[in-house]
Each structure stands twice: as C-alpha cells, then as structure tokens.
Amino acid sequence: MKSNKIKRSSWVMNQVYFKVKLVPDFERKFKSLIIEDNNFKSEDDLNKHYNENGELDKFIERILKCDFIEIYQFPFEYNSNNCETVDYEMQADYFERIDDDFSIHRSLFLV
C-alpha cells in the first residue's frame, strides 16, 4: 500500500550578508518603487496593502537610524535560454538581516 503522506521538499539557502549604505532620500525612493512594482495609483494604495499596521514605516524608520545595514542577495536563477543581456545584480532581490519582509532594490543602496 502506498503512503498517503505528502513528501516534503527541502531547500537550504546560505545567506551571505554584506554591509551597505542607503541612498539619500531612501524612504521616498523605496515607496515609489513599491508603488510602481505593484501598479498602485498612490501612496494610499501602498498603505492599504503594506502599511496597515505600520510595519512598512517601522521598517523604514529602523533602517534609516543605521549608518549601514546588512543585507543578502536572494539567489537569482539564470535562464540560459534568455539571449538578452540582463543585469542580474539589478534584477535580484536584496533583504535586510533583521527584517526580511521587504525587498530592497539594488538602486537603493551603495556597496
């Protein structure tokens, strides 16, 4: 008789952190990118989806207090069938060490 248990997959990611400095006017640029990426019409839409309990503002407030933050690059899969030249560093998602709920775009930090 076959087992009815669902087999579990496992995947272990080695998070390699590095220190970065946020760009000037980070908060405005960060919110603008979220609005653009999610096709929101305004910051009100952003707040309804990402900031209902103030979690986005708390995240921004905390990281802006730091001279540097530590982030890691989420593994970005290379598609060898894609013939276009792609800047993978700019396409990858980066996440902060303490709170990785929000992706930080490569254009928003300096190495």
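Reading the values: rules and limits
- Residues numbered from 1 in each chain as written.
- Predicted model: local features only at pLDDT ≥ 70, side-chain atom pairs only at ≥ 80, totals over all residues.
- Heavy atoms only, no water.
- Salt bridge = Lys/Arg side-chain N within 4 Å of Asp/Glu carboxyl O.
- Helix = DSSP H or I, 4+ residues; strand = E, 2+ residues; numbered from the N terminus.
- Pairing = 2+ DSSP bridges.
- Axes fitted to C-alpha atoms, helices over the stretch in contact; angles between N-to-C directions.
- Parallel < 35°, antiparallel > 145°, perpendicular 65-115°, else oblique.
- Contact = heavy atoms within 4.5 Å.
- Nonpolar A, V, L, I, M, F, W, Y, C, P; charged D, E, K, R; others polar.
- Left-handed = near helix turned anticlockwise from the far one by under 90°.

Chemist: Explain the pattern of salt bridges to me, using residue names and the numbers behind them.
Modeler: For side chains bearing opposite charge, pairing can occur when the charged atoms are close. Inspection of the entire model under this criterion finds 7 salt bridges. The salt bridge partner of Lys31 is Glu27, with a shortest N-O separation of 3.4 Å. With Lys31 and Glu27 both in helix H1 (residues 26–37) and 4 residues apart, the pair spans about one turn of that helix. Glu43 is paired through a salt bridge with Lys31; the nearest N and O atoms lie 3.4 Å apart. One end of the pair, Glu43, is in helix H2 (residues 43–50); the other, Lys31, is in helix H1, with 12 residues separating them in the sequence.

Chemist: With reference to specific residues and values, describe the pairing of strand S1 (residues 17–22).
Modeler: Pairing of S1 with strand S2 (residues 69–73) involves 4 bridges; the strand directions are antiparallel. Bridged to Lys19 within S2 is Glu70.

Chemist: I'd love a proper account of the packing of H1 against H2, names of residues and values included.
Modeler: For the pair H1 and H2, interaxial distance at closest approach is 10 Å and the crossing angle is 85°. In terms of orientation, H1 and H2 fall into the roughly perpendicular class. On the side of H1, the interface is formed by Lys31, Ile34 and Ile35, while H2 contributes Glu43, Leu46 and Tyr50. Per-class residue counts for the contact of H1 with H2 are 4 nonpolar, no polar and 2 charged.

Chemist: A description of unusual backbone geometry should follow, citing residues and the corresponding values.
Modeler: With glycine set apart, most residues show a phi of negative sign, and most peptide bonds adopt trans. We note that Asp25 has phi near 60°; this positive angle belongs to a residue other than glycine. On the secondary structure map, Asp25 appears in the loop between S1 and H1. Non-glycine residue Asn39 carries a positive phi angle of around 55°. Along the chain, the position of Asn39 falls in the loop between H1 and H2.

Chemist: I'd like a description of the packing of H1 against helix H3 (residues 55–64), backed by residues and values.
Modeler: Orientation of H1 relative to H3, taken along the N-to-C sense of each, is 145°, at an axis distance of 11 Å. Along this stretch, H1 crosses H3, giving a crossing that reads as right-handed. Across the interface between the two elements, Phe26, Glu27, Phe30, Lys31 and Ile34 of H1 pack against Leu56, Asp57, Phe59, Ile60, Ile63 and Leu64 of H3.

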